[in-house]
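Report on the structure
So the chains spell out like this:
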Amino acid sequence: MNCPECDGKLNIPDDAAVGEIISCPDCGSDYEISKKDGSNIELKLAEKVGEDWGE
Ligand SMILES: [Zn+2]
């Protein structure tokens, strides 16, 4: 999986869970795992200040 921002390689652990935050080592963007289906992972940009962190 590559970073949507800079196309750098993201290190996502095999056991990463939905809701986990992944940081891009290249550009520093934070992503939250929004969906996981086997090895198919979807990311969304993590909000720095969110109203709905608890979901
Ligand atoms: Zn990046």
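Report on the accompanying structure.

Definitions and cut-offs
Residues numbered from 1 in each chain as written. Predicted model: local features only at pLDDT ≥ 70, side-chain atom pairs only at ≥ 80, totals over all residues. Helix = DSSP H or I, 4+ residues; strand = E, 2+ residues; numbered from the N terminus. Buried ≥ 20, exposed ≤ 12 C-beta atoms within 10 Å, placed from the backbone. Pairing = 2+ DSSP bridges. Axes fitted to C-alpha atoms, helices over the stretch in contact; angles between N-to-C directions.

1. Some details on the environment of Ala16
- Inspection of the secondary structure assignment puts Ala16 in the segment before strand S1 (21-23).
- Distance from Ala16 to Lys36, taken between C-alpha atoms, is 8.8 Å for residues 20 residues apart in sequence.

2. Overview of the environment of Ala17
- Counting through the fold element by element, Ala17 comes out in the segment before S1.
- Residue Ala17 is classed as exposed on the basis of its C-beta count, with 8 C-beta atoms lying within 10 Å.
- Along the sequence, Ala17 and Ile33 sit 16 residues apart, while their C-alpha atoms lie 7.1 Å from each other.

3. Description of the pairing of strand S3 (residues 40-45)
- Judged from the six bridges that link them, strand S2 (residues 30-37) and S3 form a sheet pairing that is antiparallel. Counted as the bridge partner of Lys36 is Ile41 from S3.
- Counted along the chain from S2 to the antiparallel partner S3, the turn is two residues long, and its residue Gly38 has a positive phi close to 65°.

4. Quick word on the sheet that holds S3
- On the basis of which strands lie adjacent, the open sheet formed by three strands has the order S1-S2-S3 and antiparallel pairing. In this open sheet, the two strands that pair with only one neighbour each are S1 and S3. Strand-to-strand twist in this sheet, taken as the mean axis angle between neighbours without regard to direction, amounts to 45°.

5. Observations regarding unusual backbone geometry
- In this model, Asp7 sits at a positive phi of 70°, which is unusual for a non-glycine residue.
- Inspection of the secondary structure assignment puts Asp7 in the segment before S1.

6. Some words on the pairing of S2
- Bridge count for S1 against S2 is three bridges, and the pairing is antiparallel. Within S2, the position partnered with Ser23 by the bridge is Asp30.
- Hairpin geometry of S1 and S2 is characterised by an intervening segment of six residues between the two adjacent antiparallel strands and by a positive phi of about 85° at Gly28.

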